[in-house]
Amino acid sequence: MIQVNNLTKTYQDLRRGSFTAVDHVSFAVKPGEIFGLLGPNGAGKTTVLRILSTVLKPTHGTAVVAGYDVVRDAADVRRSIGFVSNNTATYDRMTAWELVRYFGRLHGMQADSLDQRMDALFGKLRMDDFRDVPCAKLSTGMKQKVSIARALIHDPPVLVFDEATLGLDVMVARNLLQVIRALRDAGKCLIFSTHIMSEVERLCDRIAIMYQGQILDTGTLDELKQRHGHADFEEVFFSLLSQHEASASSEGNPTSEALTLEDEALSLESLTEHAVPAKQASPSAQDSLV
Ligand SMILES: Nc1ncnc2c1ncn2[C@@H]1O[C@H](COP(=O)(O)OP(=O)(O)OP(=O)(O)O)[C@@H](O)[C@H]1O
């Protein structure tokens, strides 16, 4: 459903000159799978996801989403994908209902089937209490639900969640993770990008650890722990990053921004913060959203 091969993105930056934010990244995601992209700030996760959603063009490599090439068939890719981030804009003067309906119409949905789908979606996401409230008056969690409904309205087979729990309280973040599990169980293909280790541990079927533009390893939680000889996922993560730094410096090739693990300690600390509650999906969340 998603096939990424040797994806590379180089930015031209005034400060850094030519800067490779994504460096020969390859992975595949199947329907009915949650694929986690885990990495600290600046690892290149958002850049990969922006290429997948056709907002950015790759410098090299290819990405195919639901059978469509992100460069050649960009309009088809956009029809096949829903994107949720922590900063998807809502329009203050539109109500939750109006905004989601507006995006349904933009996707070319007919009024009657659109209204039926919206009724079902607002029910599943428990949005009925605020459906007629202007977005300006919604809480962060309510706005996030509007963003999710907006991403789901056209029933895309592929969904991308980019740091989607950032800024959400524990209850709302937990609810979002339940929604994501329900989507997986409905056969959707999902990418979940985060810098929070506990989220990928609890949610993702397979995990790619990304650092300084590269995927350092990919596997299930158990495969990664076994391969790297640690029972603790945090140890797996930090040992991979240390190995990467050691091999970069032994090749006389300082890591791309000349930052070391120590320099990045602050941002890495956040990887173990913001723990989300233990794995638990309510029966209603496990209902299909489609
Ligand atoms: N438009 C741009 N021009 C130049 N550099 C950029 C641009 N966008 C991103 N970058 C750089 O690319 C690198 C990867 O950024 P990206 O946002 O993809 O990482 P990320 O893993 O999503 O991090 P975060 O969690 O902080 O969003 C960073 O060093 C960032 O500064």
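Here is a short report on the structure shown in this document. In this text the structure is predicted, and so the values were computed from the model without any measurement.

It is worth spelling out the sheet that holds strand E4 (residues 60-65) at this point. The strand order E2-E1-E4-E5 describes an open sheet built from 4 strands, whose pairing is antiparallel. Edge positions in the sheet fall to strand E2 (17-29) and strand E5 (68-69), since each has one partner strand and no second. Bridge count for strand E1 (residues 2-13) against E2 is 9 bridges, and the pairing is antiparallel. By the bridge assignment for E2, Thr10 is matched with Thr20.

Okay, the packing of helix H3 (residues 96-106) against helix H5 (residues 140-152) next. Direction vectors running N to C along H3 and H5 enclose 25°, while the axes themselves pass 8 Å from each other. One element, H3, and the other, H5, form an angle in the roughly parallel class. Read as a crossing pair, H3 and H5 show a hand that is right-handed. Seen from H3, the contacting residues are Ala96, Leu99, Val100 and Phe103; seen from H5, they are Val146, Ala149 and Arg150. Here the residues of the contact of H3 with H5 are counted per class, giving 6 nonpolar, no polar and 1 charged.

Let us now look at the environment of Asp162. Counting through the fold element by element, Asp162 comes out in strand E7 (residues 158-162). Of the residues examined, Asp162 reaches a relative accessible area of 5% and is grouped as buried. Along the backbone, Asp162 and Ile191 are 29 residues apart, and their C-alpha atoms lie at a distance of 8.1 Å. Polar contacts involving the side chain of Asp162 include one to the side chain of Thr46, which spans 3.0 Å. A polar atom in the side chain of Asp162 sits 2.9 Å from the side chain of Ser193.

This next bit is on the site of the ligand. What surrounds the ligand is a group of 15 residues, the closest being Gly42, Gly44, Lys45, Thr46 and Thr47. For the ligand, a nitrogen atom lies 3.4 Å from a polar atom in the side chain of Tyr11. In this structure, Thr46 approaches the ligand through a side-chain N or O atom, which is 2.6 Å from an oxygen atom. Protein coverage of the free-state accessible area of the ligand, which is 630 Å², stands at 69%. Put simply, the parts of the chain that give the shell around the ligand at least two residues each are E1, E2 and helix H1 (45-52).

The rules we used
Residues numbered from 1 in each chain as written. Predicted model: local features only at pLDDT ≥ 70, side-chain atom pairs only at ≥ 80, totals over all residues. Heavy atoms only, no water. Pairing = 2+ DSSP bridges. Helix = DSSP H or I, 4+ residues; strand = E, 2+ residues; numbered from the N terminus. Axes fitted to C-alpha atoms, helices over the stretch in contact; angles between N-to-C directions. Parallel < 35°, antiparallel > 145°, perpendicular 65-115°, else oblique. Left-handed = near helix turned anticlockwise from the far one by under 90°. Contact = heavy atoms within 4.5 Å. Nonpolar A, V, L, I, M, F, W, Y, C, P; charged D, E, K, R; others polar. Buried < 20%, exposed > 50% of the residue type's maximum accessible area, 1.4 Å probe, protein only. Polar contact = N/O pair within 3.5 Å; in protein donor to acceptor, adjacent residues only side chain to side chain. Near = heavy atom within 4 Å. Areas by Shrake-Rupley, 256 points an atom, 1.4 Å probe, with all protein chains shown as cover.

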